[in-house]
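# Working through the structure, step by step
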Amino acid sequence: MTETMPRYHHGDLRAAVLRRAEEVLRESGTDALSLRAIARDLGVSHAAPSAHFRDKNALFDALAVAGFRRLGEVMDAALATRGSLTDDLVTFASAYLEFATDNPALLSVMFARKHSETAGAEIAEAVAAAFAHPTALLTEGQARGEVVDGDPEVIGVTVLAALQGLATFVGSGFVTPEQSQRMLRDVVATLMRGLAR
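Residues numbered from 1 in each chain as written. Predicted model: local features only at pLDDT ≥ 70, side-chain atom pairs only at ≥ 80, totals over all residues. Heavy atoms only, no water.

## Here we look at the pattern of salt bridges
Applicable threshold: For salt bridges, the criterion is a side-chain nitrogen of Lys or Arg within 4 Å of an Asp or Glu carboxyl oxygen. Here a strand is any run of E in DSSP of at least two residues, a helix any run of H or I of at least four, and the numbering for each starts at the N terminus. Working definition: with a 1.4 Å probe on protein chains only, accessible area under 20% of the residue-type maximum means buried, over 50% means exposed, and in between means partly exposed.
Tallied over the full model, the rule gives 11 salt bridges. Its salt-bridge partner being Glu-22, residue Arg-70 comes within 2.8 Å of it at the nearest N-O pair. Highlighted residues: Arg-70 in helix H3 (residues 56–78) and Glu-22 in helix H1 (residues 13–28), separated in sequence by 48 residues. Here Glu-122 and Arg-69 are joined by a salt bridge, their closest N and O atoms 3.1 Å apart. With Glu-122 in helix H6 (residues 121–130) and Arg-69 in helix H3, this pair connects stretches of sequence that are 53 residues apart. Classification of Glu-122 by relative accessible area gives partly exposed; the value is 36%. Owing to a relative accessible area of 43%, Arg-69 belongs among the partly exposed residues under this scheme. Bridged by salt links that share partners, the residues Arg-20, Glu-23, Glu-27 and Asp-41 form one connected network.

## What about the packing of helix H8 (residues 152–172) against helix H9 (residues 177–195)?
Heads up, the rule is: Lines fitted to the C-alpha atoms define the axes, with helices restricted to the stretch that makes contact. Angles between their N-to-C directions range from 0 to 180 degrees. Any angle that is under 35 degrees is reported as roughly parallel, and any over 145 degrees as roughly antiparallel; angles of 65 to 115 degrees are reported as roughly perpendicular and all others as oblique. The handedness criterion is simple: a crossing whose near helix is rotated anticlockwise from the far helix by less than a right angle is left-handed, and one whose near helix is rotated clockwise is right-handed. Residues count as neighbours in contact if any of their non-hydrogen atoms are within 4.5 Å of one another.
At a minimum axis separation of 11 Å, H8 and H9 run at an interaxial angle of 160 degrees. Between H8 and H9, the crossing angle belongs to the class labelled roughly antiparallel. In the packing of H8 onto H9, the handedness of the crossing is right-handed. In this structure, H8 uses Ile-155, Val-159, Ala-162, Leu-163, Leu-166 and Val-170 to contact H9, whose residues at the interface are Pro-177, Ser-180, Met-183, Leu-184, Val-187, Leu-191 and Leu-195.

## Re the UniProt feature "domain: HTH tetR-type" (unreviewed entry) in the protein
Here is the rule we go by: UniProt positions are given in the numbering used here, feature names are shortened, and annotations may be inferred rather than shown by experiment.
Sequence positions flagged by UniProt for "domain: HTH tetR-type" (unreviewed entry) are, in local numbering, residues 11–71. Helix makes up 66% of residues 11–71 and strand 0%, with an end-to-end C-alpha separation of 25 Å.

## Some remarks on the nonpolar core
Quick note on the threshold: Joining through side-chain atoms within 4.5 Å is the link that ties buried Ala, Val, Leu, Ile, Met, Phe, Trp, Tyr and Cys residues into a set, and such a set is a nonpolar core.
If you look at the biggest cluster of nonpolar residues, it comprises 62 residues, and the most contacted ones within it are Leu-33, Leu-59, Leu-63 and Tyr-96. With sequence-adjacent residues up to four places away left out, Leu-33 is seen in contact with Ala-21, Val-24, Leu-25, Ile-38, Lys-56, Leu-59, Phe-60 and Leu-63.

## Quick notes on the environment of Tyr-96
The line we're drawing: Distance and chemistry together define a polar contact, namely a pair of N or O atoms within 3.5 Å, with one atom able to donate a hydrogen and the other to accept it when in protein, and with adjacent residues in sequence counting only for side-chain atoms on both sides.
You can see Tyr-96 is positioned in helix H4 (residues 85–102). A C-alpha to C-alpha distance of 23 Å links Tyr-96 and Gly-150, two positions 54 residues apart in sequence. Beyond its immediate stretch of four places on either side in the chain, Tyr-96 contacts Leu-71, Met-75, Leu-107, Phe-111, Phe-131, Leu-160, Leu-163 and Gln-164. There is a polar contact of 2.5 Å between the side chain of Tyr-96 and the side chain of Gln-164.

## Comments concerning helix H5 (residues 104–113)
An α-helical segment advances 3.6 residues per turn. Residues three or four places apart therefore align on the same side. As a reminder, the rule being used: Note that the arc is computed from the directions linking the helix axis to the C-beta atoms.
Among all positions in H5, only Leu-106, Leu-107, Val-109, Met-110 and Arg-113 are buried. Relative to the axis of H5, the buried residues are bounded by an arc of 160 degrees and lie together on one face. Those residues of H5 that are buried lie in contact with H1, H3, H4, H6 and H8.

## Some details on the UniProt feature "DNA-binding region" (unreviewed entry) in the protein
Per the UniProt record, "DNA-binding region" (unreviewed entry) is annotated on residues 34–53. The span residues 34–53 shows a helical share of 40% and a strand share of 0%, and its end C-alpha atoms are spaced 11 Å apart.

## As for the packing of aromatic side chains
The criterion, for reference: When two rings of Phe, Tyr or Trp (its six-membered ring) have centres within 6.5 Å they constitute a pair, described as stacked for plane angles under 30 degrees, edge-to-face for angles over 60, and tilted for the intermediate range.
Taken as a whole and assessed by the stated rule, the structure comprises four aromatic pairs. Judged by centre distance (6.2 Å) and plane angle (70 degrees), the rings of Phe-68 and Phe-131 are edge-to-face. Placement of the pair is Phe-68 in helix H3 and Phe-131 in the loop between H6 and helix H7 (132–143), with a sequence separation of 63 residues. Pair check on accessibility: Phe-68 and Phe-131 agree, each one buried.

Right, dumping it as structure tokens:
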């Protein structure tokens, strides 16, 4: 816990636990995540978080839902103004890459928990909302004859895989953030050549 971290004072304990859990993920990774340690950091009894999270898996599920919701908000903001399909894909790719490189541990939890049986419909709804824009972009591109026929969600996974690969390269230091920004247009151009009818 950092010296300046405020202790929890009556309010939304669930939100406070999620905030601290994200900080722990960012600082130390998933292995360091502990409800008991978070309770200690927040100055509440070790049992207090259990009113909101029955166990560590429930905390991971909640982090994933919150992460997908935040990613959806990032996509909504990035694509509020639309341009050509290529420009929109560059905008999407840039926003996704920034989110992925700023939140690598959270993104790992998000994708690991995507099919969690314990997360219920809430996670499916958050995932659908987060990836509604790229699916819509591809569907619109298909309608205009700019993108090959096929399931836009499946095609979207291909696009996302390329972007996640680039984000992984940045996270590992193989590619610098500056290089990734320069490479982004080339990555999208390559994807567009592969997606063209």
